[in-house]
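Structural description and commentary
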Amino acid sequence: MGLIIILLGVGTLSMAGLVSIMPAEFYEAEEQQPADEGPVIPRDRVSVASTYIPASTAEAAAIISGDALFKANCAQCHSVYQQVVGPKLADIDKRRPMPWIVSWVQNSAKVIASGDEYGVKLYNENGKQQMPSFGLSRKEIEDIIAWIKVQPESAPAIHIEAVAAN
Ligand code: HEC
């Protein structure tokens, strides 16, 4: 049995921040005993237009990991499509090469101190606000970028659902 992870945009359900990973059996069980545990997701209201199916289980795992890492470490200052404390992060993988992003997240002060032109400009444009350094691995930062890349612009909240494939 393989595992298919489907990301469903559910902005209309106002479930911002909810991430749940449930096997298909969960839904079957829930249909018999409705609504005593956790939120019930009405499947007919889920937007199919923003469904994203990762190419591999590895990509799916990266997105799930990135989702949790982003919410725990970055969401207080960043959003994908809106400037918050820091810049919006949509298309960051197109603006900057991955090694730069990794160095920046691990220690932006060091990147700025090295005289990196882009980093210095960004820092100055953001009122010289210092982004904290994160003890995240290259893989963890890549997971965050994998998550950013699949966020639909039209549906701000995303629900991650894992279903067992037949
Ligand atoms: C306390 C606020 C804060 C947190 C938390 C934070 N950042 Fe930042 N980030 C900033 C600011 C402010 C900037 C703009 C540059 C500066 O002022 O140093 C920035 C810039 C960036 C940039 C460059 C953006 C661009 O347009 O080139 C990236 C990439 C980034 N942050 C990623 C992250 C990631 C990933 C996390 C979580 C692991 C994170 N940030 C957590 C405040 C924050």
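Structure first, text after, so check above.
This text gives an overview of the structure that appears in the document. If you're wondering where the values come from, they're calculated on a predicted model, not measured in any experiment. (Residues numbered from 1 in each chain as written. Predicted model: local features only at pLDDT ≥ 70, side-chain atom pairs only at ≥ 80, totals over all residues. Heavy atoms only, no water.)

**Overview of the overall build of the chain**
Under the convention used in this document: Segments assigned H or I by DSSP are reported as helices when at least four residues long, segments assigned E as strands when at least two residues long, and all are numbered from the N terminus. Exposure is judged per residue with a 1.4 Å probe applied to protein chains only, and the accessible area is read against the type maximum: over 50% gives exposed, under 20% gives buried, and values in between give partly exposed. In what follows, a contact means two residues having at least one pair of non-hydrogen atoms within 4.5 Å. Areas reported as accessible are Shrake-Rupley estimates using a 1.4 Å probe. Residue values count occlusion only from the protein chains shown.
The secondary structure content of the chain amounts to seven helices and three strands. Of the regular secondary structure in the chain, the N- to C-terminal order runs β-α-β-α-α-α-α-α-α-β. For the chain, with 166 residues in total, the buried portion stands at 39%. Of all intrachain contacts in the chain linking residues separated by at least 6 positions in sequence, the fraction that spans at least 24 positions is 71%. Total accessible area computed for the chain in this model is approximately 9,700 Å², and 56% of it derives from carbon and sulfur atoms.

**Quick look at the coordination of the iron atom of the ligand**
The test is simple: Excluding water, the donors of a metal are its N, O and S neighbours within 2.8 Å, or within 3.2 Å for Na, K and Ca, and that exclusion means sites may look incomplete. Geometry is assigned from donor-metal-donor angles: four donors are tetrahedral when every angle falls between 85 and 135 degrees, four are square planar and six octahedral when opposite donors sit over 155 degrees apart with all other angles between 65 and 115, and any other arrangement is irregular.
Surrounding the iron atom of the ligand are the protein donor atoms His 78 (NE2) and Met 131 (SD), at 1.9 to 2.1 Å. The coordination sphere of the iron atom of the ligand comprises six donor atoms, whose angles at the metal cover 87 to 178°; the geometry is octahedral. Here His 78 is found in the loop between α2 (57-73) and α3 (92-95), whereas its partner Met 131 is found in the loop between α6 (117-125) and α7 (138-149), with 53 residues between them in sequence.

**So, the nonpolar core**
The cut-off we apply is this: As used in this record, nonpolar core signifies buried Ala, Val, Leu, Ile, Met, Phe, Trp, Tyr and Cys residues forming a set joined through side-chain atoms within 4.5 Å.
Within the largest apolar cluster, 27 residues are counted, with the highest numbers of intra-cluster contacts made by Ile 101, Trp 104, Val 105, Leu 136, Ile 144 and Ile 148. Elements with a contribution of two residues or more to this core: α2, α4 (98-106), α5 (108-113) and α7. For this core, the leading source of residues is α7, giving six residues. Ignoring any residue separated from it by four or fewer positions in sequence, one finds Leu 136 in contact with Leu 69, Asn 73, Val 105, Gln 106, Ile 141 and Ile 144.

**Things to note about the site of the ligand**
Rule in force here: If a single non-hydrogen atom of a residue is within 4 Å of a molecule or strand, that residue counts as near it. Pairs of N or O atoms within 3.5 Å make up the polar contacts considered here, provided that, within protein, one atom can donate a hydrogen while the other can accept it, and that residues adjacent in sequence are counted only when both atoms are side-chain atoms. Lys, Arg, Asp and Glu make up the charged group, whereas Ala, Val, Leu, Ile, Met, Phe, Trp, Tyr, Cys and Pro make up the nonpolar group; the residues left over, Gly among them, are polar.
Around the ligand sit 22 residues, and of these Cys 74, Cys 77, His 78, Tyr 118 and Met 131 come closest. A distance of 2.9 Å is found between an oxygen atom of the ligand and a side-chain nitrogen or oxygen belonging to Arg 95. For the ligand, an oxygen atom lies 2.4 Å from a polar atom in the side chain of Tyr 118. Contributions of two or more residues to the shell around the ligand are made by α3, α4 and α6. With three residues, the single largest contributor to the shell around the ligand is α6. Tallied by class, residues from the shell around the ligand come to 15 nonpolar, six polar and one charged.

**Here's the deal with α4**
Buried within α4 we find Trp 100, Ile 101, Val 102, Trp 104 and Val 105. Buried-residue contacts for α4 involve α3, α5, α6 and α7.

**A short note on the packing of aromatic side chains**
Stated precisely, the cut-off is as follows: Any pair of Phe, Tyr and Trp rings, taking the six-membered ring for Trp, is counted once the centres come within 6.5 Å. Such a pair is stacked with planes under 30 degrees apart, edge-to-face with planes over 60 apart, and tilted for the rest. Over a ring means this: the NZ of a Lys or the CZ of an Arg is within 6 Å of the ring centre and within 35 degrees of the ring normal.
All told, the structure shown has three aromatic pairs when counted by the stated rule. Residues Trp 100 and Trp 104 carry aromatic rings whose centres are separated by 5.0 Å and whose planes lie at 15° to one another, so their mutual orientation is stacked. Taken together, the residues span about one helical turn, with Trp 100 and Trp 104 both in helix α4 at a distance of four residues. For Trp 100, a relative accessible area of 11% gives the class buried. Of the aromatic side chains, those joined through ring pairs into one cluster are Trp 100, Trp 104 and Tyr 118. The aromatic ring of Trp 100 is capped on one face by Arg 96, whose charged end is 5.1 Å from the ring centroid. Between Arg 96 and the ring centre of Tyr 118, over which it is positioned, the NZ or CZ distance is 4.0 Å.

Honestly, that's just the spatial picture; any functional story needs more than this.
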